Amino acid sequence: MLCLIWALTLLYGELLAFRLPSLFTCSWPHLSSKMNGVQYPDNFVKVAVLADPQLMDRTSLNVAPKSLALEIAQFYTDVFMRRAFLSSVLPFEPDVILFLGDYFDGGPDLSDEEWQESLSRLRHIFDLDTLDSVKHIKVYHLPGNHDVGYSASHSHIPQVFRRYENVFGTRNYRFKVGGLDFIAIDAQTLDGHPQRDLTSATWNFVQNVSMDSSLTPRVLLTHIPLYRKNGTSCGPYRSSKIINQRVRRDDLDEDILYQNYVSEEKTESILDSVRPMFVLSGHDHDQCTVAHTSKYGPVTEQTLGTISWQQGNLYPSFMLLSAWNHSFPNATIGKDAVLTHLCFLPVQTYIYIWYLCQFVLTLLFAFFCPTSGASILGHVDCMGYIRSVINCSIFKGSKEKVDEENCEYDMVWDAEGSMHLVKRTIKAAVSSNEIGTTERGTAVMRSTAKKQLMQDIDVVMPSDVSVHVPIDASTKIASRPNKSKANMAIRRIFRTLRVITVVAAVNLPIYMILLFKDWIDK
């Protein structure tokens, strides 16, 4: 029974939990039967959006590089994201996959060798080498602050930008999905010193986009969210506390060392220049939906939480975005050109807590429930044990009374002249109506008569005849229950170890198969 329970638990926690989004809890928004009372046609391009995988490296934990703790943390974090990608995202068969930045945790601080190692893990986790060539899924990338750093570090580590662009391409670009224009910008350079080459390059790109008079609806992609007032509500899907604006600048040239959001001035400028109808961002590791105001009308921004379970958010997620697949005669029709659905992944922390609680219950069950009444199916007859305990406690007193009545005592003298009383059980039980009667010359003595006889014997016994009672008899009698309890505890401990060994022998192979099933290359 325990083996079966553990097998079902592992199947759910390691396999079925990651299939739930594609089976039950999530769907493409344009395929829903009703959304805002409108039935949408099936002419949308399907876009899966992921944010902040932030692969753990030597900068993530306060442990030595290549240590066992770091290797284990990296492995289980990577396995979760690969399972989420293969079992939760890819079953939706997206046409486009969009990453919103922060692929690595310590990107700017990694050496070229460490960076290449993290890049290999990223390609393996998200199957990047086969998405375009084999599955024919277009992939677009956006730089994050953990990939290229903030503007203050740009002049000091130019090699970080070179190696990023060699792999992921340019940092500011535009591309078309269906009938929409997606505008991707390097948000880390927006608030940099205006004389810096990287900052000026980003704003030149924004200026070129603003000069395009096309009425095609636009979606702005920025890793760092746009400015909002402190305490602005993030909607019902946020699980953590709202983070207000924090900006740190370099004292020397006032470049950005850290920021939560783009500055208010730059936010207004980019909204008025790009004129987006929708904004996608990451960086915050939690969900947030806010409305901005521009001179062209309200703009909705949706910040997507991290896909990793080790980045401060118990509820990792991804987004399904449906992009309208036809051109629009005018920009106002583009209101429903973008439909989104936020999809939550399994809460890995709760799954491991569930495993731990079930392990404790297994120990308690194996220790306290006896296995003497095992049936053919191998389950433990605990109810039979409980009934026996109840019967024993109820009839214990009457049983002792019957035993006392159906016995008599014999006097035995040893060689030294000491007398011993020997208790002897009467073979044939005497019924109640026969007590005090005589049958064929055989007298049956009542227990009260026996007691009176024993008292008479004590009276007439000579004073030099002593009854031999060992000095340590009381000690032995008192120690017997303690020894019995100790022996029972030892037997149950060994039995518990046997039960755990059997359960582990059956389920550890199942766990290892499920653990590495998705990790190996297909």
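Note that the structure is a prediction, hence the values are computed from the model and not measured.

**Student:** Describe the overall build of the chain, naming the residues involved and giving the relevant values.
**Tutor:** Of regular secondary structure, the chain possesses 12 helices and 17 strands. The buried share among the 522 residues of the chain stands at 43%. Carbon and sulfur atoms provide 59% of the accessible area of the chain, an area that totals close to 28,500 Å².

**Student:** Tell me what's going on with the sheet that holds strand E13 (residues 338–344), and back it up with residues and numbers.
**Tutor:** To summarise the sheet geometry, strands pair through backbone hydrogen bonds and adopt either a parallel or an antiparallel arrangement. Strand order in this open sheet of five strands is E3-E2-E1-E12-E13, and the pairing throughout is mixed. Only two strands of the sheet have a single partner each, and these edge strands are strand E3 (138–140) and E13. Across the sheet, the axes of successive neighbouring strands diverge by a mean angle of 20°, strand direction being ignored. Across three bridges, strand E2 (residues 96–99) lies against E3 in parallel orientation. From the neighbouring strand, Leu-98 faces E3, where its bridge partner is Tyr-140.

**Student:** Explain the packing of aromatic side chains to me, using residue names and the numbers behind them.
**Tutor:** For the coordinates displayed, the defined rule picks out 26 aromatic pairs. Residues Phe-18 and Phe-80 carry aromatic rings whose centres are separated by 5.5 Å and whose planes lie at 65° to one another, so their mutual orientation is edge-to-face. Linking Phe-18 in helix H1 (residues 2–25) with Phe-80 in helix H2 (residues 68–89), this pair joins segments that are 62 residues apart in sequence. Across the pair, exposure class does not vary: Phe-18 and Phe-80 are buried alike. Summarising the aromatic geometry, the rings of Phe-75 and Tyr-76 are spaced 5.4 Å apart at their centres and angled 85° between planes, so their arrangement reads as edge-to-face. By relative accessible area, Tyr-76 is classed as partly exposed at 25%. The structure contains a cluster of three or more aromatic residues connected by ring pairs, namely Phe-18, Phe-75, Tyr-76, Phe-80, Trp-309, Tyr-352, Tyr-355, Phe-516 and Trp-519. The side chain of Arg-275 reaches across the aromatic face of Tyr-296, ending 5.7 Å from its centre.

**Student:** Requested: an account of helix H7 (residues 197–210), with residues and values cited.
**Tutor:** Over its 14 residues, H7 extends 20 Å from the first C-alpha to the last, a length consistent with the 20 Å expected when each residue adds 1.5 Å. What H7 keeps buried is the set Thr-199, Thr-202, Trp-203, Phe-205, Val-206, Val-209 and Ser-210. The arc enclosing the buried residues of H7, seen along the axis, measures out at 150°, which places them on a common side. Pointing more than 90 degrees away from the buried face of H7 are the exposed residues Asp-197 and Asn-208. Among the structural elements, strand E4 (173–177), strand E5 (180–185), strand E6 (218–222) and helix H8 (264–274) are those in contact with the buried residues of H7.

**Student:** Give me the environment of Asn-313: which residues, what numbers.
**Tutor:** Turning to its location among the elements, Asn-313 is positioned in the loop between strand E11 (297–303) and strand E12 (317–324). Asn-313 sits in the buried class, given a relative accessible area of 3%. Taking the C-alpha atoms as reference points, Asn-313 and Arg-238, separated by 75 residues in sequence, lie 9.6 Å from one another. Once residues within four sequence positions are removed from consideration, Asn-313 is found in contact with Ser-239, His-285, Asp-286, Gln-287, Thr-306 and Ser-308. Within the structure, Asn-313 has its side chain in polar contact with the backbone oxygen of His-285 (distance 2.9 Å).

**Student:** How would you explain the pairing of E11 if you had to name every residue and give the values?
**Tutor:** Most of E11 sits out of view: five of its seven residues are buried. Here strand E9 (residues 278–281) pairs with E11 via four bridges, running parallel. What sits directly across from Ser-281, in E11, is Thr-303. Pairing analysis gives seven bridges linking strand E10 (residues 288–294) to E11, with the strands arranged antiparallel. The residue of E11 that forms the bridge with Val-290 is Glu-301. Following E10, the chain reverses through two residues before pairing antiparallel with E11.

**Student:** How would you sum up the side chain of Gln-358? Please name residues and give values.
**Tutor:** Within the fold, Gln-358 resides in helix H9 (residues 348–368). For Gln-358, a relative accessible area of 11% corresponds to the buried category. Among the polar contacts made by the side chain of Gln-358, one reaches the side chain of Thr-9 at a distance of 3.0 Å.

**Student:** Can you lay out the pairing of E9 for me, pointing to particular residues and giving the numbers?
**Tutor:** Two faces belong to every sheet, and in a regular strand the side chains alternate between them. Side chains Phe-278 and Leu-280 of E9 all project onto a buried face; the interleaved residues Val-279 and Ser-281 project onto the opposite face, where all are buried too. Where E6 lies against E9, four bridges are found, and the strand directions are parallel. Its bridge partner lying in E9, Val-219 is registered against Phe-278.

Rules of the game
- Residues numbered from 1 in each chain as written.
- Predicted model: local features only at pLDDT ≥ 70, side-chain atom pairs only at ≥ 80, totals over all residues.
- Heavy atoms only, no water.
- Helix = DSSP H or I, 4+ residues; strand = E, 2+ residues; numbered from the N terminus.
- Buried < 20%, exposed > 50% of the residue type's maximum accessible area, 1.4 Å probe, protein only.
- Areas by Shrake-Rupley, 256 points an atom, 1.4 Å probe, with all protein chains shown as cover.
- Pairing = 2+ DSSP bridges.
- Axes fitted to C-alpha atoms, helices over the stretch in contact; angles between N-to-C directions.
- Phe/Tyr/Trp six-rings, centres within 6.5 Å; stacked < 30°, edge-to-face > 60°.
- Lys NZ or Arg CZ within 6 Å of the ring centre and 35° of its normal.
- Expected span 1.5 Å × (residues − 1).
- Arc of directions from axis to C-beta.
- Contact = heavy atoms within 4.5 Å.
- Polar contact = N/O pair within 3.5 Å; in protein donor to acceptor, adjacent residues only side chain to side chain.

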